[in-house]
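Secondary and tertiary structure notes
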Amino acid sequence: MSYITCKFGGSSLADAECFRLVEKIIRANPERRYIVPSAPGKRRPDDKKITDLLYAWHNLLSQDLDATQPRGLIAARFEQLATELGIDFPVHEHLESIAAEGAKYKTPDYMASRGEYLNGRLLAALLGATFVDPAECILFDDEGLLDPVSYEQLGARLQGEGLFVIPGFYGATPEGAIKTFSRGGSDVTGAIVARASHSRLYENWTDVSGFLMADPRIVPGARRIDEVTYQELRELSYMGAQVLHEEAIFPVRGTDIPINIRNTKEPENPGTMILPKRVSKEPICGIAGRKGFTMINIEKALMNRERGFGRRVLSVLEEHGVSFEHMPTGIDTISLIVKDEEISHHGPSVLKAIERTCQPDRVSLAPGLAIIATVGQGMAGHTGIAARLTTALAKADVNIRVIDQGSSENNIIVGIEDDDFEKAVKAIYDAFTH
Ligand code: ASP
């Protein structure tokens, strides 16, 4: 039999009712065997996430300040969960030992990881599952990167009958100290567990029914994406479409394990499937974008003949620690698109350095740029996609300040005025969905 790894996010485990839904989902399919929980999330918009309370607890402890408030809120939350689920769970003993152990650490990692740890213990008790502590088998190397030996070590712990619960978000350093992934990192744990257990599928259960083709705040009722490739997802997430942790695809990318984003409150919805290759032939799968970019425009007559010009420009950025997003070029022009926060402090000194190093005819900064990525592997070798996009923008009276398509032909980037952003996203969405 092949198995499924299921990761449940904080909003899927926020209270006892959520736990029951999660239990029902797990029991509905005997293939669902490896379970990765996050810490309890918000029950209402004004509620506190357990992980945030744990960070607060660590901060207070490390300054020798009174931590009664966050600790009390955490205790109350787990006590309520245990009582409502009918589980005998020694919350106070756990918190005592967390306080004592937490005081030994300078970094917040240990404390922050305890939300997942306690939730994992509770869920394992509810399901009658084997609890596997990632501190013993998910290991980071000296540079803080995942040590590939983790797959074997974890795989060895996942042998045998029944269900397994492996808390998300943390592992251990070579010295044995607890270390967390970055925020939202239980998604990464889920992918590691899927790979280590040779699961046939990684289900990521959250509070939305997958990825939408566009931000629903801009396009109300935007369609769900049925299938998206790892590469497409990376392009969309980079431009702001956020459902899954950016690093969650790496552990499963080289394998055949697809990721299925599902909604705990709507389990019948098939969600979005993230695959190495998609079957559907739709040219476009999604549109994502952001405001807040600046363009550095450089002009110089006969730039095309000057060897090393591009290299000199880029070395100026490197020296100033500025990274760039796109570099559209003309015969005698080079533009560099950078995030506002990258350039805000160095603007004048970057311009001066370009003047000095490259002696251009003109160099200037043009702020107020929004970038929209229209992403889809189906556009490769497909004629008329850029025409459809630019026609839609023209009809919406949106001026394209810059346009760029990578050679892999899976992404067309347009740079437009910040003020035109919402109008442009709508126009592109309509052009590819009607
Ligand atoms: N609980 C952690 C956080 O809030 C990790 C996670 O939920 O994935 O960031």
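Residues numbered from 1 in each chain as written. Predicted model: local features only at pLDDT ≥ 70, side-chain atom pairs only at ≥ 80, totals over all residues. Heavy atoms only, no water.

**Examining the pattern of salt bridges**
Rule in force here: Any carboxyl oxygen of Asp or Glu within 4 Å of a side-chain nitrogen of Lys or Arg constitutes a salt bridge here. For each residue, the accessible area found with a 1.4 Å probe, counting protein chains only, is set against the maximum for its type, and the residue is called buried under 20%, exposed over 50%, and partly exposed in between.
Taken as a whole and assessed by the stated rule, the structure comprises 25 salt bridges. A salt bridge links glutamate 306 to arginine 312; the nearest nitrogen and oxygen atoms lie 2.6 Å apart. Among the residues examined, glutamate 306 registers a relative accessible area of 26% and is labelled partly exposed. Put simply, Arg43, Arg44, Asp46, Asp47 and Arg77 are held in one network by salt bridges that share partners.

**A word on the side chain of threonine 272**
Applied cut-off: Helix and strand definitions here come from DSSP, where helices need a minimum of 4 consecutive H or I residues and strands a minimum of 2 consecutive E residues; each element is numbered from the N-terminal end. Residue contacts are counted whenever heavy atoms from the two residues lie within 4.5 Å of one another.
Among the structural elements, threonine 272 can be located in strand β10 (residues 272-275). When residues no more than four places from it in sequence are discounted, the contact partners of threonine 272 are Ser209, Gly210, Phe211, Arg224, Ile225, Asp226, Val228, Ile259, Asn260 and Ile261.

**Focus on the site of the ligand**
So the rule is basically this: One heavy atom suffices: a residue is near a molecule or strand as soon as one of its heavy atoms comes within 4 Å of it. N or O atoms within 3.5 Å of each other form a polar contact, as long as, within protein, one can give a hydrogen and the other can take it, and as long as residues adjacent in sequence are counted only when both atoms are side-chain atoms. All accessible-area figures derive from a Shrake-Rupley calculation using a 1.4 Å probe, and residue coverage is judged against the displayed protein chains alone. Only protein atoms enter the 1 Å grid used here. Points where a 1.4 Å probe fits but cannot escape make up a cavity, open sets with protein on both sides within 12 Å along at least five of seven lines make up a pocket, and a residue lines them when an atom lies within 4 Å of a point. Those molecules having more than half of their atoms within 2 Å of a cavity or pocket grid point set are described as sitting in that cavity or pocket. Note on residue categories: nonpolar means Ala, Val, Leu, Ile, Met, Phe, Trp, Tyr, Cys or Pro, charged means Asp, Glu, Lys or Arg, and polar means any other residue, Gly included.
Taken together, Ser38, Lys49, Thr51, Glu116, Phe169, Arg183, Gly184, Gly185 and Ser186 form the complete shell of residues around the ligand. With respect to the ligand, the side chain of serine 38 contributes an N or O atom lying 3.2 Å from an oxygen atom. Arginine 183 places a polar side-chain atom, nitrogen or oxygen, 2.7 Å from an oxygen atom of the ligand. Starting from 260 Å² of accessible surface for the ligand in isolation, the protein chains cover 94%. More than half of the atoms belonging to the ligand lie within 2 Å of the grid points that define the largest pocket. Its residues assigned to classes, the shell around the ligand shows one nonpolar, five polar and three charged.

**Focus: the packing of helix α13 (residues 385-395) against helix α14 (residues 421-433)**
Convention followed: Axis angles are defined between N-to-C directions and span 0 to 180 degrees, where every axis is a line fitted to C-alpha atoms and, for a helix, only to the segment in contact. Angle categories: roughly parallel below 35 degrees, roughly antiparallel above 145, roughly perpendicular from 65 to 115, and oblique for all the rest. Crossings are sorted by hand: turned counterclockwise from the far helix by less than a right angle, the near helix makes the crossing left-handed, and turned clockwise it makes it right-handed.
Between α13 and α14, the least distance of the axes is 9 Å, while the angle of their chain directions is 135°. With respect to α14, the axis of α13 lies oblique. Read as a crossing pair, α13 and α14 show a hand that is right-handed. The residues of α14 that touch α13, namely those facing Ile385, Arg388, Leu389, Ala392 and Leu393, are Ala424, Ala427, Ile428, Ala431 and Phe432.

**Comments concerning the layout of surface pockets**
Applied cut-off: Grid points are joined across faces, edges and corners, and a volume is the space filled by probe spheres set on the points.
Of the volumes computed, that of the largest pocket is approximately 1,300 Å³. Taken together, 48 residues make up the lining of the largest pocket; nearest its centre are Thr206, Asp207, Gln242, Val243 and Leu244. Taken together, the elements giving at least two residues each to the lining of the largest pocket come down to α7 (186-196), β7 (201-206), α8 (230-238), β11 (286-299) and α14. Among the residues forming the lining of the largest pocket, the class breakdown is 19 nonpolar, 19 polar and 10 charged. Estimates place the volume of the second largest pocket at around 240 Å³. Lining the second largest pocket are 13 residues, and of these Leu145, Leu146, Phe181, Val188 and Glu247 sit closest to its centre. When contributions to the lining of the second largest pocket are tallied by element, the ones reaching two or more residues are α7 and α9 (250-253).

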